[in-house]
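Now for the letters of each chain:
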Amino acid sequence: MKTKRTAIGRRDFLRLLSAGVATTGLATFPSSVIASGGTSKVMRIATWESGGVKESMDPGFSYQESDACRVGLVYDRLFRIDSSYTPHPELAVSWHSNQNADQWTIELRKGVKFHNGKEFTAKDVVYTYKRLLDPKNGSAAAASLTAISADGIEAVDDYTVKFTLPEPIADLPLVISTRHTFIVPEGSKNEDLRINGIGTGPFKQKKFIPGELISYFVKNENYWEPGLPKVDMIELLSITEGTARNAALQSGEIDLSLSIDLAGMAALAKDKRVRVISARSPYVIDMVCWCDTPPFDDVRVRQAMKYCVDRDILIKTAALGHANIANDQPVAPWIRYSWEVEPRKQNYEKAKALLKEAGYENGLKLKLYTGDASPGMVAMAQVYKEMAAPAGIMIEVIQTPADSYWSEIWMKKSFHCESWVGRPADEALFIAYHSKAEWNTSHFRNKEFDEAIETARKTKDENKRAVLYQKAQRILSEQGGTIIPYFMDTLAASRSNVEGWEPHPTSYVKDFRYVDFSS
């Protein structure tokens, strides 16, 4: 099935379903794929976010949910990061640092081949990281990898890589394990990687065209982990509307939905053909304002906005109970280095007093932009509007289309909703709040905050490192321009006969090695 549309919406899906087309359109695949794929087990997986014609197979330019799925199928990283953010061997088998933690040596797995038959070596690792750091390539990965230097990455031999760092980093495996750091073959070009994914991962790309509804991936028969993957083909669909995903799952048109519509979750839970999957996650849905733009450039206004929030009510109404309370900083209480303090409580008197001090005794009128680009963003905005009114903050909620939200609204409006996948403490704090971060969506620039993170990275004593990360979280909570009321659980669903898959707390980590149908 070929179309120029970038994703399936509710009306499109239900129209196809009622016309009897969905079964053949979504459950089958081109004869050319069948002939060369030799498939018997086909897992149909729906993603909730699509980049349209900007979709990519290039790990260095993986931004959307659909990108992360494809990259996770085709590629491997040096380290596999578990749900507690502990690194485990993947393409790396062992690693150690010198006493100062400014030089790290990583031993690589032998006998691994890329999908084109090329042997994986240290040269591929060096090339991957230098490519990501090269400003000419324009990858956002560089913003997360500022702690390492391209000049300090070298191949000691075919299976050993050394990282010599400008400053010590106590947790290097975590710092260099981002959504972009999947290993590509030496010499790969941007224009080729965008449409042709060649990795060492459990599946090989069979058919992918940016902007098309469905892409296909077949089992890598030579995968380095014996017995994996479990299925012969994965058929990946982009279905942006939650009601359409739920309908597809209940009708059997898909086997696994990586996100489910909250409003329809009760119906899914009652359906014996469906298994609802919930996992605690540090996934953030927030409201962000620009700290350098009036009226948000006054910290008292930002604090007043935070005092309007009743976090418990927001969890019950906007998240329907599927969240854990947050205190306007992105490190969840169960994540290492978290700042444990009683969350800020709603206080209208304090909010009004702060607004008066800031010169807004008669209140404020604001426009808050939101959309269904991430599940729960619209509900959060609508509930917050009601909460802010008693403090004199009158909000007009502007809902915009999901398919253009990240390109037209995110980082382009001075007050808008956004979402961030869960990350370990250092990355979560740096990627959106450090003064030099490319994705500093709130325009927050605080020297004390920056220094706390930078010093923590090179502090070997874990307790002292924790104090510094906690200091950064306190500064952000008290002075930042981001309202983070809660950490949203990861909610997914599958057909009842699907096994071997659980969501990772970092949603861009997609592990489909064990997904299978029960016998």
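Described in the following lines is the structure provided in the data block. (Residues numbered from 1 in each chain as written. Predicted model: local features only at pLDDT ≥ 70, side-chain atom pairs only at ≥ 80, totals over all residues. Heavy atoms only, no water.)

Moving on: the overall build of the protein chain. Each helix and strand in the protein chain was counted, giving 18 helices and 19 strands. For the protein chain, the C-alpha radius of gyration of 23 Å lies close to 24 Å, the compact-globule estimate for 519 residues. Judged by the C-alpha coordinates and their principal axes, the protein chain covers about 70 × 65 × 40 Å. In the protein chain, buried positions account for 60% of the 519 residues. Element-wise, carbon and sulfur atoms account for 48% of the exposed surface of the protein chain, whose accessible area totals about 20800 Å². Distance between charge centroids for the protein chain: 2 Å, based on 65 positive and 66 negative side chains. (Helix = DSSP H or I, 4+ residues; strand = E, 2+ residues; numbered from the N terminus. Rg over C-alpha atoms; globule rule 2.2 N^0.38 Å. Buried < 20%, exposed > 50% of the residue type's maximum accessible area, 1.4 Å probe, protein only. Areas by Shrake-Rupley, 256 points an atom, 1.4 Å probe, with all protein chains shown as cover. Lys, Arg positive; Asp, Glu negative; His and termini not counted. Charge placed at Lys NZ, Arg CZ, Asp CG, Glu CD.)

Time to look at the pattern of salt bridges. Within the structure shown, the criterion is met by 27 salt bridges. Measuring nitrogen to oxygen at the nearest pair gives 3.5 Å for the salt bridge that ties Glu502 to Arg275. Residue Glu502 is located in the loop between strand S18 (498-499) and strand S19 (516-517), and its partner Arg275 is located in strand S12 (residues 274-289); the two are separated by 227 residues in the primary sequence. Residue Glu502 is classed as exposed on the basis of its relative accessible area, which comes to 52%. Here Arg275 falls in the partly exposed class, since its relative accessible area comes to 29%. Salt bridges here are not isolated pairs; linked through shared partners, they connect Arg80, Glu90, Glu225, Asp511 and Arg513. (Salt bridge = Lys/Arg side-chain N within 4 Å of Asp/Glu carboxyl O.)

With that settled, consider the nonpolar core. Leu78, Ile148, Phe163 and Tyr384 are the most contacted members of the largest nonpolar core, which has 132 residues in total. Among all residues touching Tyr384, those that are not within four sequence positions of it are Met287, Met305, Cys308, Val309, Leu368, Ile395, Phe415 and Ile483. Membership of the second largest hydrophobic core comes to 26 residues, among which are Met57, Cys69, Leu73 and Phe182. (Core = buried A, V, L, I, M, F, W, Y, C linked by side-chain atoms within 4.5 Å. Contact = heavy atoms within 4.5 Å.)

Here we take up unusual backbone geometry. Looking along the chain, the bond that leaves Leu228 and enters Pro229 is cis, with omega of -5°. Tracing the backbone through its elements, the reader meets Pro229 in the loop between strand S9 (214-219) and strand S10 (233-238). In this structure, the amide linkage connecting Pro294 to the following residue, Pro295, adopts the cis form with an omega of 0°. Among the secondary structure elements, Pro295 is positioned in the loop between S12 and helix H11 (299-307). Even without a glycine there, the phi angle at Asp328 is positive, about 65°. On the secondary structure map, Asp328 appears in the loop between strand S13 (323-325) and helix H13 (348-357). The class of Asp328 is buried, set by a relative accessible area of 1%.

Bringing the packing of helix H17 (residues 447-457) against helix H18 (residues 462-479) into the picture now. Interaxial distance between H17 and H18 falls to 8 Å at its minimum, and their mutual angle equals 160°. Judged by the angle between their axes, H17 and H18 are roughly antiparallel. The way H17 lies across H18 gives a crossing that is left-handed. Where H17 abuts H18, its residues Glu448, Phe449, Ala452, Ile453, Thr455, Ala456 and Arg457 lie against Arg465, Leu468, Tyr469, Lys471, Ala472, Ile475 and Leu476. For the contact of H17 with H18, a count of residues per class yields 9 nonpolar, 1 polar and 4 charged. (Axes fitted to C-alpha atoms, helices over the stretch in contact; angles between N-to-C directions. Parallel < 35°, antiparallel > 145°, perpendicular 65-115°, else oblique. Left-handed = near helix turned anticlockwise from the far one by under 90°. Nonpolar A, V, L, I, M, F, W, Y, C, P; charged D, E, K, R; others polar.)

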